[in-house]
Amino acid sequence: YGSGGGALLLSNATVALNRADFGAGIDVEGTAAAAAVVLEQNTLILNNTAAQAGGGIRIAGNTRLYATEPQIWIGYNHADSGDGGGINVVGPARADIGSPGYNSIGVVSSNTAQYGGAVSLYAPSGSGSATIRVFSTDSNQPVQISGNSASNAGGAFILWGNEHDCGNAYCPDTANVCLYDARVNDNIAPSGAAFHAGVSDGVDSEYVYFNPAGNCGPESPVSLGAVACAAGVACDEISDNTNEDGSGNPTSGSTVEMPANGAHFYAERLHMRRNKGAHVFGSASPADD
């Protein structure tokens, strides 16, 4: 756990079988000085359990997580009673995930939680945003968020935005998922097997972008090694996600569930195949996109 500036670099390392309330494997919170967590080659974050949030990794405050090199696996982590089985991002923290994974295993896979089996994002009031970017760095082996599950909502991702008083109005604190040439496959939840936006207060607070025109960050993903998928490689897809309960019974949930008033989903070059649920897209609010 860290609360100041500096960087935690892990290379040829394994963080496994740890327990904590938050960030069982790694917990870093940057305050006035920026902090960074850098996962390098042959780093495994496995089988860690958080009682509340961030089974594998929790980053908060002025912190950035980088996992862009080959042979990285954040897997089989768990959040008992909360969110973010694999990764919990608390704004204004941001994460950049680009590793092709460990051998053929997705970089963030086989994690479990009540909410956000793979990743949870929460933007506290006044934080501005909580952001994760997911992009491929190997044209023949796209980045994968796969095989994760949530017992309540958000098999792969759950997003919670917020708002704060900024004078004459309330300004949004956004939770953002930005994916480029990525795969979100084989995730399970009763509601929002792939994506679930939490309930907001009516501001535009939750955003999911697939291949956005912008960068969703201070620099381009290309500057961090992002590449397009090779021709003929399965890519740009949300596929084989399933809405079911813990007993394997089908539910009325959707692959992408956007119940919040102010949740948005924007996509280009996206394939959605073989998902199982009541709908591919579900929304409880006519204001949602």
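Scroll up to find the structure.
Residues numbered from 1 in each chain as written. Predicted model: local features only at pLDDT ≥ 70, side-chain atom pairs only at ≥ 80, totals over all residues. Heavy atoms only, no water.

By the definition in use, this model includes eight aromatic pairs. Aromatic ring contacts, followed pair by pair, group Phe157, Phe195, Phe265 and Phe281 into a single cluster. (Phe/Tyr/Trp six-rings, centres within 6.5 Å; stacked < 30°, edge-to-face > 60°.)

Okay, the state of the cysteines next. Enumeration according to the criterion identifies three disulfides in this entry. Note that Cys166 is cross-linked by a disulfide to Cys171, the S-S spacing being 1.8 Å. The chirality of the disulfide connecting Cys166 with Cys171 is right-handed, given an S-S dihedral of about 75°. There is a disulfide in this structure between Cys229 and Cys235, and the S-S distance comes to 2.0 Å. Classification of the bridge connecting Cys229 and Cys235 rests on its S-S torsion, roughly 50°, and on that basis the disulfide is right-handed. On the basis of relative accessibility, which here comes to 18%, the residue Cys229 falls in the buried class. Judged by relative accessible area, Cys235 falls into the buried class, the value being 7%. Going through the chain in sequence order and numbering each bonded cysteine, the pairs you get are 1-2, 3-4, 5-6. (Disulfide = S-S within 2.5 Å. Buried < 20%, exposed > 50% of the residue type's maximum accessible area, 1.4 Å probe, protein only.)

Take the sheet that holds strand S21 (residues 182–185) next. Read across the open sheet, the eight strands follow the order S2-S5-S8-S12-S16-S21-S25-S29; overall the sheet is parallel. The open sheet has two edge strands, strand S2 (13–16) and strand S29 (271–273), and neither has a second partner. For strand S25 (residues 237–239) and S29, the ladder comprises three bridges, and the chain directions are parallel. Along S29, the bridge assignment pairs Glu237 with His271. (Pairing = 2+ DSSP bridges. Helix = DSSP H or I, 4+ residues; strand = E, 2+ residues; numbered from the N terminus.)

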